[in-house]
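A look at the structure
For reference, the chains in residue letters:
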Amino acid sequence: MTKPIESISLALAQKIALHSQRIPPAKQNGTGLNGTLGAIEHLGYIQIDTISTIQRAHHHTLWNRNPRYRTSHLEQLMFDKNIFEYWAHAAAYLPMKDYRFSLPRKEAIANGKDYHWYKPNTKLMKLVRKRIESEGPLMVKDFENKGKKLGEWQTKPTKQALELLYMQGELMVSTRKNFHKVYDLTERVLPSDVDFTMPTTTEHTRFLITRYLKANGLGLAAEMAYLLKNTKKNIIAALNEMVLNGEVQQIKVKDIVYHVLPSSLDLLKNPLKRNSCKILSPFDNLIIQRKRISHLFEFDYLLECYVPAAKRKFGYFVLPILWNGKLVARMDCKADRKTAVMHIHQLHLEPTLKQTERFANALAKELDAFMQFNSCTSLKVHKTSPTGFKTALLGSVDGYFK
């Protein structure tokens, strides 16, 4: 018999989500490298992104979970074969211990049951694979690309072949050079003790559910199936079963019924760090699903770098700002690495933010750390909304600006 559905406040739901996402991070033991691996294993993935307006998203997201994070950690963890690259909902670093759960998608792509952007050129794919087999790890530039560019992203044929071999599991990324992928045969990249047994549909579905709920605290079936083709139906069925046997509970937040692991409700006993401020990446695990954040944090967010400049409201690369457990502001900024200046082009406060002086002090402290993370030594504020907040912020961080 299932328990009756209880309602919890929005504030408590936010608390569960933040603790589950480990923002702000708790005190950590062990090395900084172990802290980075622990964050990846807990979150399940870290999205990789190419935009370098500030430190790239994968570095930024991990830094917010591990104050001792170094950008060299990911390369070291790849070298040690503790993580690997593949797709979650997007390109990502994944824990090697979860490798077997990447196999269903690889098999589906190889068998034509899941889509990819490119149509397979089996002859070219065989030639590309043969070269890597005989010559060792290779990059796109190591292949002649004299053919015409094809497809939506205007990608040349050999790159398409490499990507398809990668997506269906025959190749893996062994490392990166200047952020470019280096491909090698899968059997030469995987550690000898990796579990590569294909999970059953039930195993895979339950993995998706428990992985999501451990990392996010509470969730909907649609969120667990986010950009994962042909999984939602199975997730709904498995959730119903898990609710019946008590593995998962249901809670209502603002008339929406979420699923939660019973252990996640224990997180409500832990206080959130008050007056703590975090500047988030647009690709941070906490906010990557915009509809979810709109419901749970009442924060409507759009990354406007994909919007024509004339139509942008807040700026090119806007970073949400978390303070006191709420998303209270958004900041469009750029790290000028030549001059070591962090430019805040526009900082917009949400109308619900009232304690602006306290927020200015907390943001000033976080900006100091954020600037160091981005190798900047000074800060320039161009515009704030409301306009008067610029004075409050400048007063809080006098000495960091020029």
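How each quantity is defined
- Residues numbered from 1 in each chain as written.
- Predicted model: local features only at pLDDT ≥ 70, side-chain atom pairs only at ≥ 80, totals over all residues.
- Heavy atoms only, no water.
- Helix = DSSP H or I, 4+ residues; strand = E, 2+ residues; numbered from the N terminus.
- Expected span 1.5 Å × (residues − 1).
- Buried < 20%, exposed > 50% of the residue type's maximum accessible area, 1.4 Å probe, protein only.
- Arc of directions from axis to C-beta.
- Contact = heavy atoms within 4.5 Å.
- Axes fitted to C-alpha atoms, helices over the stretch in contact; angles between N-to-C directions.
- Parallel < 35°, antiparallel > 145°, perpendicular 65-115°, else oblique.
- Nonpolar A, V, L, I, M, F, W, Y, C, P; charged D, E, K, R; others polar.
- Pairing = 2+ DSSP bridges.
- pLDDT = per-residue confidence, 0-100.
- Core = buried A, V, L, I, M, F, W, Y, C linked by side-chain atoms within 4.5 Å.
- Phe/Tyr/Trp six-rings, centres within 6.5 Å; stacked < 30°, edge-to-face > 60°.
- Polar contact = N/O pair within 3.5 Å; in protein donor to acceptor, adjacent residues only side chain to side chain.

A closer look at helix H11 (residues 232-244)
- Under the 1.5 Å per step criterion, the end-to-end length of H11 is 19 Å for 13 residues, consistent within 8% with the ideal 18 Å.
- Here H11 has its buried residues at Ile235, Ala238, Leu239, Met242 and Val243. The buried residues of H11 occupy an angular sector of 135 degrees when projected down its axis, which confines them to one face. Those residues of H11 that are exposed and angled more than 90 degrees off the buried face are Lys233 and Leu244.
- Looking at the buried residues of H11, the elements they touch are helix H9 (201-216), helix H10 (221-224), strand E8 (249-253) and strand E9 (256-260).
- Positive backbone phi, approximately 85 degrees, marks Gly246, located one or two places after H11.

Quick look at the packing of helix H6 (residues 122-135) against helix H7 (residues 157-167)
- With their axes 9 Å apart at the nearest point, H6 and H7 run at an angle of 75 degrees to one another. Considering the angle they form, H6 stands roughly perpendicular to H7. When H6 is examined against H7, the residues Leu124, Met125, Val128, Arg129 and Ile132 are found in contact with a partner set consisting of Pro157, Thr158, Ala161, Leu162, Leu164 and Leu165.
- Residue composition of the contact of H6 with H7, grouped by class: nine nonpolar, one polar and one charged.

Side note on the sheet that holds strand E4 (residues 91-95)
- Pairing in this open sheet of three strands is antiparallel, and the strands run E2-E4-E3 from one edge to the other. Each having just a single partner strand, strand E2 (46-47) and strand E3 (83-87) make up the two edges of the open sheet.
- In the sheet, E2 pairs with E4 via two bridges, with the strands oriented antiparallel. Considered in E4, the bridge of Ile46 is made with Tyr93.
- Contacts from helix H2 (residues 32-43) reach E2, E3 and E4, with the element oriented near 105 degrees to E4.

Overview of the confidence of the model for the chain
- Of the residues in the chain, 95% have a pLDDT of 70 or more, and the chain-wide mean is 93.
- Throughout residues 150-154 the model reports pLDDT below 50, and contacts reaching past four residues in sequence, or to other chains, amount to six contacts.

Focus on the nonpolar core
- Leu218, Met331, Phe359 and Leu363 are the most contacted members of the largest nonpolar core, which has 109 residues in total.
- Tallying contributions element by element places helix H14 (residues 356-373) first for this core, with eight residues.
- Look past the residues within four positions of Phe359 in its chain and what remains in contact with it is Cys277, Ile321, Trp323, Val328, Ala329, Leu349, Leu353 and Phe389.
- Among the nonpolar cores identified, the runner-up in size contains 16 residues, and Phe101, Ala225, Ala238 and Leu239 belong to it.

Let's talk about H14
- Spanning 18 residues, H14 covers 25 Å between terminal C-alpha atoms, matching the ideal 26 Å at 1.5 Å per step.
- Backbone geometry just downstream of H14 places Ser375 in the positive-phi region, at approximately 60 degrees.

Some remarks on the sheet that holds strand E1 (residues 6-7)
- The mixed open sheet is built from four strands, whose spatial order is E1-E8-E9-E7. Each end of this open sheet is capped by a strand with a single partner; those strands are E1 and strand E7 (218-219).
- In this structure, E8 lies alongside E9, joined through five bridges in antiparallel fashion. Bridging across to E9, Gln250 finds its partner in His259.
- Sheet contacts for helix H13 (residues 290-297): E7, E8 and E9; angle to E9, the most-contacted strand, approximately 105 degrees.

Focus: the packing of aromatic side chains
- This structure, assessed with the given rule, holds 10 aromatic pairs.
- When the centroid spacing of 5.3 Å and the interplanar angle of 65 degrees are considered together, the rings of Phe84 and Tyr99 count as edge-to-face. Taken together, the positions of Phe84 in strand E3 and Tyr99 in the loop between E4 and helix H5 (103-110) put the pair 15 residues apart, joining distant regions of the chain.
- Residue classification places Phe84 among the buried residues on the basis of a relative accessible area of 2%.

Comments concerning the side chain of His59
- Relative to the helices and strands, His59 is located in helix H3 (residues 57-63).
- Among the residues examined, His59 registers a relative accessible area of 12% and is labelled buried.
- Side chain to side chain, His59 and Tyr69 meet in a polar contact 2.6 Å long.
- In contact with His59, not counting residues within four places along its chain, are Tyr69, Thr71, Leu74 and Phe373.

A few points about the environment of Asn275
- As for its position among the elements, Asn275 is in the loop between helix H12 (262-265) and strand E10 (277-279).
- It is 7.8 Å that separates the C-alpha atoms of Asn275 and Arg358, two residues lying 83 residues apart in sequence.
- If near-sequence neighbours (up to four positions away) are discounted, Asn275 is found in contact with Trp323, Asn324, Arg358 and Ala362.
- Only 2.9 Å separates the side chain of Asn275 from the side chain of Trp323, close enough to count as a polar contact.

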